[in-house]
Amino acid sequence: PAIRSAIVELTHGERRRPRRTPEVLRGALVDAMDLRNGAKLGELASVLPQLLYDVAGHNGAMAPELIEALFCAQVGLKNMGHRDLSREVASLGLKVAEAQEDPAWLGQARLASALALPLENAALGTKLATAAADELQGAPGRRAKEVYGGLHLMSALHAATALRADEATAHLAEAEGVARSLGEPERYGDLSAAVAGNWFGPTNVDYWRTAVAAELKDTGAALVVAARIQIGAVPIPSRHVYYWTDLARVLAADGRVLEAMQALAKAAQAAPLHFRFTPIVPNLVKAWSSQAKRKADAEEIRDRARKLGIHPI
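Residues numbered from 1 in each chain as written. Predicted model: local features only at pLDDT ≥ 70, side-chain atom pairs only at ≥ 80, totals over all residues. Heavy atoms only, no water.

We now examine the overall build of the chain. Looking only at helices and strands, one finds 16 helices and zero strands in the chain. Computed over the C-alpha atoms, the radius of gyration of the chain is 19 Å, within 12% of the 20 Å expected from 2.2 N^0.38 for a compact globule of 313 residues. In terms of overall dimensions, the chain has a C-alpha envelope of 65 × 40 × 35 Å along the principal axes. Within the chain, buried positions represent 54% of all 313 residues. Within the chain, residue pairs in contact and separated by at least 24 positions form 67% of the contacts whose partners lie at least 6 positions apart. Surface exposure of the chain reaches about 14300 Å², of which carbon and sulfur atoms provide 53%. Where the 37 positive side-chain charges of the chain centre and where its 35 negative ones centre are 6 Å apart. (Helix = DSSP H or I, 4+ residues; strand = E, 2+ residues; numbered from the N terminus. Rg over C-alpha atoms; globule rule 2.2 N^0.38 Å. Buried < 20%, exposed > 50% of the residue type's maximum accessible area, 1.4 Å probe, protein only. Contact = heavy atoms within 4.5 Å. Areas by Shrake-Rupley, 256 points an atom, 1.4 Å probe, with all protein chains shown as cover. Lys, Arg positive; Asp, Glu negative; His and termini not counted. Charge placed at Lys NZ, Arg CZ, Asp CG, Glu CD.)

Dropping the structure here:
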């Protein structure tokens, strides 16, 4: 409720007198991004309201930081299961960015807007993210290039969800080319690197490539990419939840359902609370158990699911 209240105030143009200086707030923002990437959702929820009030209270002087803080709130809310509120936050971030003249921050806000779309609007997500990438193409500086690459990753995932394999492949290739030219990002927090803590670089592209292959049910490609990923290169628990869940989907599609359950166990271990709020997991387990050829296999799947706190819908 406190986060929702802050978003309502900021959306209507209300600004409170900030309690902290810009210097202190920049450190607090990195701490919040570390909490988000570390999937420490309870701690993140407790600091977000005042962080948003304080950063917004400095008005245009901290507009880039407000865009990052709103993105942090958006992703945190999505991972807490509040997807509609997450979309409201993305809309507010886009409004803030449109008042600025920096194309990279506008691109980041548009990336956030595309991320916030539901699966049913995957084709629209591809359209929006691709258009934003086209506007940012050729912009100088690492920050702009990271956002440009991130927009192509977003386009690829949405295209895959819409079952447009050729488009997804093309966007992945573009993102990979940018990532290889930049190399891995440097950390500025315990778990934060690159614009908005997104860790854009070659390893993160492979994470997304695995997700795209899983969406397209390209089992062979997904397993090849997943096998070469060095988990420690992007040490983000929230990203690891997605990785192990995507790998579980691929293994199950390959007929290796018990191995898929082992992958889900690793996802749960990486970030228990984030895993609990991942909506696809109960549906996966329900499908796997119902498709099992032997009653004993179905019961083992359900038993393993119960031990992970999964309750199939």
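Turning next to the packing of aromatic side chains. Summed over the entire model, instances satisfying the criterion amount to two aromatic pairs. Seen from their ring centres, Y207 and Y243 are 5.5 Å apart, and the 85° between their planes marks the pair as edge-to-face. One end of the pair, Y207, is in helix α10 (residues 202-215); the other, Y243, is in helix α12 (residues 237-253), and 36 residues separate them in sequence. Assessed through its relative accessible area of 1%, Y207 is described here as buried. (Phe/Tyr/Trp six-rings, centres within 6.5 Å; stacked < 30°, edge-to-face > 60°.)

Moving on, we get to empty space enclosed by the protein. Under the criterion given, the structure shown has one cavity of 30 Å³ or more. Lining the largest cavity, in full, are I67, L70, F71, Q74, V89, A90, G93, Q108, A109 and A112. Among the secondary structure elements, those contributing two or more residues to the lining of the largest cavity are α4 (63-79), α5 (83-98) and α6 (103-115). Counting residues per element, the lining of the largest cavity draws most heavily on α4, which supplies four residues. For the lining of the largest cavity, the class distribution of residues is seven nonpolar, three polar and no charged. (1 Å grid on protein atoms, 1.4 Å probe; cavity = no way out; pocket = protein on both sides within 12 Å on 5 of 7 lines; lining within 4 Å. Points joined across faces, edges and corners; volume = space filled by probe spheres on them. Nonpolar A, V, L, I, M, F, W, Y, C, P; charged D, E, K, R; others polar.)

It is worth spelling out unusual backbone geometry at this point. Note on backbone geometry: most residues besides glycine have negative phi, and most peptide bonds are trans. Backbone geometry places L163, a non-glycine residue, at a positive phi of 60°. With a phi angle near 70°, A194 is a residue other than glycine that sits in the positive phi range.

Let us now look at helix α8 (residues 142-161). The terminal C-alpha atoms of α8 lie 29 Å apart, and with 20 residues this matches the ideal 28 Å at 1.5 Å per residue to within 8%. Of all 20 residues in α8, 15 are buried; the element is thus mostly enclosed. Once α8 ends, the next one or two residues include L163, with phi positive near 60°. (Expected span 1.5 Å × (residues − 1).)

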